[in-house]
Amino acid sequence: MRAGSTHSDVAVVGGGIIGLVTAWRAAQRGLSTTVIDPEPGGGAARVAAGMLAAVTELHYGEEALLALNLASSARYPDFVAELEKASGQETGYRPCGTLAVALDADDRAHLRELHALQQRCGLESQWLTGRECRRLEPMLAPSVRGGLRIDADHQTDPRRLATALLLACERAGVVFRRAAAAELTVERGRAAGVRLDDGTRAEAGQTVLAAGSWTSRLAGVPEGLLPPVRPVKGQVLRLRMPRRDGTYGPFLSRTVRAVVRGGSVYLVPRANGELVIGATSEELGWDTTVTAGGVYELLRDAHELAPGVTELPLTETSAGLRPATPDNAPVIGPTALPDLRLAAGHYRNGVLLTPVTGDAMGELLATGELPEVARAFTPERFGGDEAALPSAQVPYGSEQSKHGEPQERSA
Ligand code: GLY
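Because the structure is a prediction, the values reported are computed rather than measured.

Novice: I would appreciate a short explanation of the pattern of salt bridges in the present structure.
Specialist: Pairing between side chains becomes possible if they bear opposite charge and their charged atoms approach one another. Applying the stated criterion across every chain, the model contains 28 salt bridges. In this structure, Asp 151 and Arg 149 form a salt bridge, with 2.9 Å as the shortest nitrogen-oxygen distance. Classification of Asp 151 as partly exposed rests on a relative accessible area of 43%. Note on Arg 149: relative accessible area 25%, which makes it partly exposed. Between Arg 261 and Asp 301 there is a salt bridge, with the nearest N and O atoms lying 2.9 Å from each other. Here Arg 261 is found in the loop between β13 (255-260) and β14 (263-269), whereas its partner Asp 301 is found in helix α6 (residues 292-305), with 40 residues between them in sequence. By relative accessible area, which is 7% here, Asp 301 ends up buried.

Take a look at the structure:
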């Protein structure tokens, strides 16, 4: 082995929250685990607002994703308690609920449709008049004409979550290789780790690609094997709420969101006084420029919802890349290349899906079995191109697990 190279049971490419939770769970199962990332703890979580919005962000045709989102939402309190204990670090989890409001007749019709869809899916949400919305959140504009109160959708602070996961990984013995993965290595028809950009290797029994929007760009991966994961840019603002009577409560007490002129805007008030306003949604490839237009639109829409926002100090502007798949759902599980696993494409729901992804990947890596909850989300649904694989390759569903048991078809 070249000096500086390492070998472990599991190599995770990508040290964002999905890669970190995968590594943490793998290490807890007794697997020696390496994370490859020049800046672990970075990625889209540095920008994300951290809404846990399974009910509010329900979309037509995404009922399967809803089930995964709800499963992860239900795990959040226990997940956070375990992670905070393991890391000694708070995650900013706040079970504060969400209020989705409408400003005009079109918005109200949109919200009414969402309410009907939520009811058809058995989800709880309560229709409120404009006055009832303002009674809950007095900073809302007089023009708010109605809204939906969703008590099950909460928030966490993704930056603190990432830090906590990093510390939990370190304490669980995860090794960090602070370099970029240059190429997947494939030996005898199986994934065998990655070559790093410093020329060394991170060899592994199982390799997990968890590199967000960059997942399908790694060299060495047989063409057609992975579903396309594309970047969708989101610009986000951070403001500071005034502190009164020892709390930050008077500005907003819960997440407030709306669709304004067809664009989604949300205001997420944290317990520490930060107010996050997001987010644009732009198909601009790898561009992460914060633009005057993006900032203007977010402030204009947020000002329509809660005019007082323009009085607050603006402390930060940033832009990140949501990793999106063709059906907006993540890809979790084995690939057609033996020993290559995938945990990527979480798009709008990366923070929400962190607990369930960690649990599913931990189980897959330790036993070869993907839990039922994640089986609808394997890359197989996009038809991994087996023709592109080395001839020694066996197809989906007949891959042998580490323990010699035939692995179940998982979608
Ligand atoms: N889930 C929030 C966003 O993607 O902007």
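Novice: When you look at the site of the ligand in this model, what are you seeing that I'm missing?
Specialist: Close to the ligand lie Met 51, Glu 57, Tyr 266, Ala 279, Arg 322 and Arg 348, which account for all nearby residues. Within the backbone of Arg 348, one N or O atom sits 2.9 Å away from a nitrogen atom of the ligand. Here the ligand loses 86% of its free accessible area of 200 Å² to cover by the protein chains. Of the residues that constitute the shell around the ligand, the class distribution is three nonpolar, no polar and three charged.

Novice: I'm lost on the environment of Glu 223 in this one. Help?
Specialist: Tracing the sequence through the fold places Glu 223 in the loop between β11 (201-209) and β12 (230-240). Through-space distance from the C-alpha of Glu 223 to that of Asp 198 is 24 Å; in sequence the pair is 25 residues apart.

Novice: Looking at this structure, how should I read the pairing of β13?
Specialist: Working note: regular strand, side chains alternate between the two faces of the sheet. Where burial is concerned, most of β13 is hidden: five out of the six residues are buried. Pairing of strand β4 (residues 98-102) with β13, which is carried by four bridges, proceeds in the parallel orientation. Directly across from Thr 98, in β13, lies its bridge partner Thr 255. What sits between the antiparallel neighbours β13 and β14 is a turn of two residues, in which Arg 261 has the positive phi angle 50°.

Novice: Is there a simple way to think about unusual backbone geometry in this case?
Specialist: Negative phi is the rule for most residues except glycine; trans is the rule for most peptide bonds. A cis geometry characterises the amide bond from Gly 278 onward to Ala 279, with omega recorded as -20°. In this structure, Ala 279 sits in the loop between β15 (274-278) and α6. With a phi angle near 70°, Asp 339 is a residue other than glycine that sits in the positive phi range. As for its placement among the helices and strands, Asp 339 is situated in the loop between β17 (331-334) and β18 (340-344). Taking relative accessible area as the criterion, Asp 339 reaches 10% and is therefore assigned buried. Its identity is not glycine, yet Tyr 347 carries a phi of approximately 45°, on the positive side. Classification of Tyr 347 as buried rests on a relative accessible area of 14%.

Novice: What am I meant to see in helix α7 (residues 354-367) here?
Specialist: One turn of an α-helix holds 3.6 residues; hence residues three or four places apart share an orientation. Here α7 is 14 residues long and its end C-alpha atoms lie 20 Å apart, about the 20 Å a rise of 1.5 Å per residue gives. Among all positions in α7, only Thr 354, Pro 355, Val 356, Thr 357, Gly 358, Ala 360, Met 361, Gly 362, Leu 364, Leu 365 and Ala 366 are buried. At the exit of α7 stands Gly 368, carrying a positive phi of roughly 85°.

About the thresholds
Residues numbered from 1 in each chain as written. Predicted model: local features only at pLDDT ≥ 70, side-chain atom pairs only at ≥ 80, totals over all residues. Heavy atoms only, no water. Salt bridge = Lys/Arg side-chain N within 4 Å of Asp/Glu carboxyl O. Buried < 20%, exposed > 50% of the residue type's maximum accessible area, 1.4 Å probe, protein only. Helix = DSSP H or I, 4+ residues; strand = E, 2+ residues; numbered from the N terminus. Near = heavy atom within 4 Å. Polar contact = N/O pair within 3.5 Å; in protein donor to acceptor, adjacent residues only side chain to side chain. Areas by Shrake-Rupley, 256 points an atom, 1.4 Å probe, with all protein chains shown as cover. Nonpolar A, V, L, I, M, F, W, Y, C, P; charged D, E, K, R; others polar. Pairing = 2+ DSSP bridges. Expected span 1.5 Å × (residues − 1).

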